[in-house]
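A look at the structure
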Amino acid sequence: MVDQLQTLKQEVKALLARTKDKDTLEAIRVKYLGRKGEINKLFKEIVDFSIEEKRRLGYEINQLKNELTHELDARLSIFEQKPEVKFEPLLPGKIAHIGHAHPIAQTFAQIISFFKGYGFTVEKGPEIEYDWYNFEALNIPKDHPARDMFSSFYITEDLLLRSHTSPVQIRVMEKQKPPVKIICPGRCYRYDPFDASHSPVFHQVEVLYVDEGVSFGELKWTLSEFVKFIFGPKTKYVLMPSFFPFTEPSGELAISCTVCSGTGCAVCGNSGWLELLGCGMVHPQVLKNVKISPKKYSGYAIGMGVERVAMVKYVIDDIRAFYNNDMRFLEQF
Ligand SMILES: [Zn+2]
């Protein structure tokens, strides 16, 4: 009899484990635990046993009945918990995370949109460049100390990863006679350390306008409009003399600090100004190198680091933040 109870217990438990719906559970309840079910039949089987035996086995059967009832109810509650799927037209839908443009891409887009508005066209050039385009044609001969400003990755003696976007100027002017009105956005490489203000890979936008009678005044006006467009109409700027081999005269533009508005703070080193970009009038030798007469034509060039523009605009003190792919940083833009 005890064996019989064990077998029955295992049988019912196995059935319960396999059930997948309420109806099957109900059928099991009727078959085993119902009034005329298997377990109640067992009580009838022990009617003729001794009182001792009846008491012991009766207790065992009752235990089994309680255990299986409990298990069946537990199983039933699993099915009853399942929510019914209803169509609710007024609930908002689930929106997938689709991301957005990287702050560097956004800054590129803003810079390009400004210059496009003034009739500049976008030109691109190779990232692996000849020494001629990267240096020589830009008035930086092999022995020129200015080459030290560009810590370049050389592939061969004559080939390197371009260290600025200026070579695109030469490539375009070789093919196209003035007026030349272009912007060249792109990636550049220098073997600088990867620290808060340097990255071996970075982005630049080169601006070039060459035509008859292009003056420094035009450069200055373009810069003042550009600064207002990117940083807001109240931004002040200052143009300071500088040196680049491919422009004469050369200048460096700084804008009023985006944190303190020029009164002086830690970000601007208490100067009130933040350096932004380099510019100048295209050097006559550069025009000669591409067979454009410097007597007839003149032009201006602007070169800016896209990371620098974004760092000044959004007050970011570490260039590495752009490349670390930290969503907490990127989601702010
Ligand atoms: Zn400041």
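Structural notes, computed from the coordinates. If you're wondering where the values come from, they're calculated on a predicted model, not measured in any experiment.

This part covers the pattern of salt bridges. All chains considered together, the criterion is met by 14 salt bridges. The shortest N-O distance in the salt bridge between Arg29 and Asp73 comes to 3.2 Å. Highlighted residues: Arg29 in helix H2 (residues 22-33) and Asp73 in helix H4 (residues 51-81), separated in sequence by 44 residues. Residue Arg29 is classed as partly exposed on the basis of its relative accessible area of 22%. Judged by its relative accessible area of 37%, Asp73 falls in the partly exposed class. Overlapping salt bridges bring together Lys9, Lys13, Glu67 and Glu71 as one network.

Turning next to a nonpolar patch on the surface. Taken together, the side chains of Val259, Val267 and Val315 define a hydrophobic patch exposed on the protein surface, amounting to about 220 Å² of accessible area. For Val315, the location among the structural elements is in the loop between helix H10 (306-314) and helix H11 (327-330).

All right, on to unusual backbone geometry then. Cis rather than trans, the peptide bond between Pro178 and Pro179 has omega equal to 5°. With respect to the helices and strands, Pro179 occurs in the loop between helix H7 (167-175) and strand S5 (180-189). A cis amide bond links Glu248 to the next residue, Pro249, at an omega of -5°. Tracing the backbone through its elements, the reader meets Pro249 in strand S8 (residues 247-256).

Within the open sheet, the three strands sit side by side as S2-S4-S3. Their pairing is antiparallel. Edge positions in the open sheet fall to strand S2 (128-130) and strand S3 (153-154), since each of these has one partner strand only. Note: S3 against strand S4 (residues 159-161), two bridges, orientation antiparallel. For Tyr154, the partnering residue across the bridge sits in S4 and is Leu160.

Before going further, it helps to spend a moment on the packing of aromatic side chains. For the coordinates displayed, the defined rule picks out 16 aromatic pairs. For the ring pair Phe114 and Tyr118, a centre distance of 5.0 Å and an interplane angle of 55° mean the geometry is tilted. On the accessibility criterion, Tyr118 (34% relative accessible area) is partly exposed. Ring centres of Phe115 and Phe120 lie 5.3 Å apart, and the angle between their planes is 80°; on these two criteria the pair is classed as edge-to-face. Each of the two residues, Phe115 as well as Phe120, counts as buried. Of note, Arg171 hangs over the ring of Tyr133, and the distance from its end group to the ring centre comes to 4.1 Å. Lying across the ring of Tyr209, Lys181 places its NZ or CZ 4.9 Å from the centre.

With that out of the way, let us pick up the environment of Pro126. Looking at where Pro126 falls in the secondary structure, it is placed in the loop between strand S1 (121-122) and S2. As a C-alpha pair, Pro126 and Asp326 span 200 residues in sequence and 30 Å in three-dimensional space. When near neighbours in sequence (up to four residues on either side) are disregarded, Pro126 contacts Arg162 and Arg171.

As summarised here, the arrangement of the seven strands in space is S1-S5-S6-S10-S9-S8-S7, forming an open sheet in which the pairing is mixed. In the strand order of this sheet, the two ends are held by S1 and strand S7 (237-244), each with one partner. By the bridge criterion, two bridges tie S1 to S5 in an arrangement that is parallel. Residue pairing across strands places Thr121 opposite Ile182, the latter belonging to S5. Strand contacts of helix H5 (residues 103-117): S1, S5, strand S6 (201-211) and strand S10 (298-305), with the helix running at about 5° to S6, the strand carrying the most contacts. In the packing of H10 onto the sheet, contacts are made with S6, S8, strand S9 (273-282) and S10, and the angle to S9 comes to roughly 145°.

For the zinc ion, the full set of protein donor atoms is Cys257 (SG), Cys260 (SG), Cys265 (SG) and Cys268 (SG), at a range of 2.3 Å. Coordination at the zinc ion is tetrahedral, judged from the four donor atoms that bind it and the angles of 103 to 113° they form at the metal. Look at where the donors of the zinc ion fall in the sequence and you get C-x2-C-x4-C-x2-C. Across the pair, exposure class does not vary: Cys260 and Cys265 are buried alike.

Parameters at a glance
- Residues numbered from 1 in each chain as written.
- Predicted model: local features only at pLDDT ≥ 70, side-chain atom pairs only at ≥ 80, totals over all residues.
- Heavy atoms only, no water.
- Salt bridge = Lys/Arg side-chain N within 4 Å of Asp/Glu carboxyl O.
- Helix = DSSP H or I, 4+ residues; strand = E, 2+ residues; numbered from the N terminus.
- Buried < 20%, exposed > 50% of the residue type's maximum accessible area, 1.4 Å probe, protein only.
- Patch = residues over 30% accessible without salt bridge, like charges linked within 9 Å, V, L, I, M, F, W, Y side chains within 5 Å.
- Areas by Shrake-Rupley, 256 points an atom, 1.4 Å probe, with all protein chains shown as cover.
- Pairing = 2+ DSSP bridges.
- Phe/Tyr/Trp six-rings, centres within 6.5 Å; stacked < 30°, edge-to-face > 60°.
- Lys NZ or Arg CZ within 6 Å of the ring centre and 35° of its normal.
- Contact = heavy atoms within 4.5 Å.
- Axes fitted to C-alpha atoms, helices over the stretch in contact; angles between N-to-C directions.
- Donors = N, O, S within 2.8 Å, 3.2 Å for Na, K, Ca; no water.
- Tetrahedral: all angles 85-135°; square planar, octahedral: opposite > 155°, others 65-115°.

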